[in-house]
Amino acid sequence: MDLHDFQDVAENYDRYLEAMYATDDHHEHFQEFYLNLARQYGAGGVVDVACGTGAVLLYLAERGVEIDGTDLSAEMCRLAAAKAEAMGLKLRIIPADMTAFSSGRKYSLAIIARSGFMHLPTQELQEKALRNLREQLLPGGILTLNTFDPWPPIQAQQMRTTPEDYTFRLEYVNSAGNREKIYNAITYDPYSQQMYGNWKFVEYGAGGEVISERIRPLRMRQTTRWEMFLLARLCGFEVTDIYRGYNGDKEDLNDISTASRYRENLIWILKRKD
Ligand SMILES: C[S@@+](CC[C@H](N)C(=O)[O-])C[C@H]1O[C@@H](n2cnc3c(N)ncnc32)[C@H](O)[C@@H]1O
């Protein structure tokens, strides 16, 4: 089980994300960014892979994009489907691991938004996912995913953190209407390039007393941009663009001196080579 497989995490995901990005926003305008990609590349159909509770899926579907969704977590799929139904949208949302997902049709664009790819914990699984998603694309189809450039000072700090060494992250109101604090303790293994540890959710009653405490595990992998270039080539893709965040700025693919900026969110545009 990983963080998003838990019902309580899925039910509160939209709520705590809003609180998280109120102060620390790496994702401003991301929905508009993916809408533009869908208009550019999505004429043959779009799939939102690791769609979560549907932030991209529903935004694009509402604006007329022909789109399916899929996520490993049945809980996240259930919530996305409930939101779609409430909005009057008829969507196919298929619970599946992206290393094996297949809906029986092909797409011209596959989107993995907001760090879904980073949840694959090993290079073997990353390769399996890329090879499988390539098979779900039409010839010349596009796969987009994001990575955060690994930043050594944060990793050094995480290497000194144990999975029980909690730091306060945010406070929000959960789906039961109760005040809840989230703490996390994330450590880093430089050999596997995995960040792993726990999120702790502490829920408070009306009188300020603690009424529940839940610990949920998380494991993600950091991928350097050099690895991503190699992985893409190995799995039958060509890197056509790398966006630096969601405002349309692009990296110069031939200028390595732009690498490793602080917490750069790289959005990769990978084209299926035939
Ligand atoms: C940080 S959330 C992002 C969700 C959504 N894309 C968004 O923008 O809100 C990551 C999602 O990846 C999903 N996930 C993790 N591993 C996966 C896998 N192997 N295959 C498919 N989905 C996966 C999780 O269940 C979770 O919903």
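Look above for the structure.
Caption draft 1: Main features of the site of the ligand. Near the ligand, the surroundings consist of 18 residues, among which Ala50, Gly52, Leu72, Arg114 and His119 are the closest. Along the lines of polarity and charge, the residues of the shell around the ligand split into nine nonpolar, six polar and three charged.

Caption draft 2: Geometry of the pairing of strand 1 (residues 46-49). The alternating pattern of strand 1 places Val46 and Asp48 on one face and Val47 and Val49 on the opposite face, and all of these are buried. Examined bridge by bridge, strand 1 and strand 2 (residues 67-71) share four bridges and lie parallel to one another. Bridging across to strand 2, Val46 finds its partner in Ile67. What joins strand 1 to strand 2 is helix 3 (residues 55-62), and the crossover it makes is right-handed. Inspection of the sheet shows strand 1 paired to strand 4 (residues 107-112) by four bridges, in the parallel sense. The partner of Val46 across the bridge, within strand 4, is Leu109.

Caption draft 3: Just unusual backbone geometry, in detail. At Ala50, a position not held by glycine, the phi torsion is positive, near 60°. Assignment of secondary structure puts Ala50 in the loop between strand 1 and helix 3. We classify Ala50 as buried; it has 28 C-beta atoms within 10 Å. Within the chain, Ser115 stands out as a residue other than glycine whose phi angle is a positive 75°. Looking at where Ser115 falls in the secondary structure, it is placed in the loop between strand 4 and helix 5 (123-135).

Caption draft 4: Geometry of the environment of Ile142. Relative to the helices and strands, Ile142 resides in strand 5 (residues 137-148). Put simply, Ile142 and Lys273 are 131 residues apart on the chain and 9.6 Å apart in space, counted from C-alpha to C-alpha. When near neighbours in sequence (up to four residues on either side) are disregarded, Ile142 contacts Tyr41, Ser108, Leu109, Ile269, Leu270 and Lys271.

Caption draft 5: Highlighting the sheet that holds strand 4. The strand order 3-2-1-4-5-11-10 describes an open sheet built from seven strands, whose pairing is mixed. Strand pairing shows two members of the sheet lacking a second neighbour, strand 3 (93-95) and strand 10 (237-244), which therefore form its edges. Neighbouring strand axes in the sheet, compared pairwise and without regard to direction, differ in orientation by 20° on average. Sheet strands in contact with helix 4 (residues 74-86) are strand 2 and strand 3, and its direction is about 170° off that of strand 3. Running at roughly 145° to strand 5, helix 5 makes contact with strand 1, strand 4, strand 5, strand 10 and strand 11 (265-272) of the sheet.

Reading the values: rules and limits
Residues numbered from 1 in each chain as written. Predicted model: local features only at pLDDT ≥ 70, side-chain atom pairs only at ≥ 80, totals over all residues. Near = placed C-beta within 6 Å. Nonpolar A, V, L, I, M, F, W, Y, C, P; charged D, E, K, R; others polar. Buried ≥ 20, exposed ≤ 12 C-beta atoms within 10 Å, placed from the backbone. Helix = DSSP H or I, 4+ residues; strand = E, 2+ residues; numbered from the N terminus. Pairing = 2+ DSSP bridges. Right-handed = clockwise from strand over helix to strand, strands pointing away. Contact = placed C-beta atoms within 7 Å. Axes fitted to C-alpha atoms, helices over the stretch in contact; angles between N-to-C directions.

Limitation: the analysis is restricted to geometry and does not speak to function.
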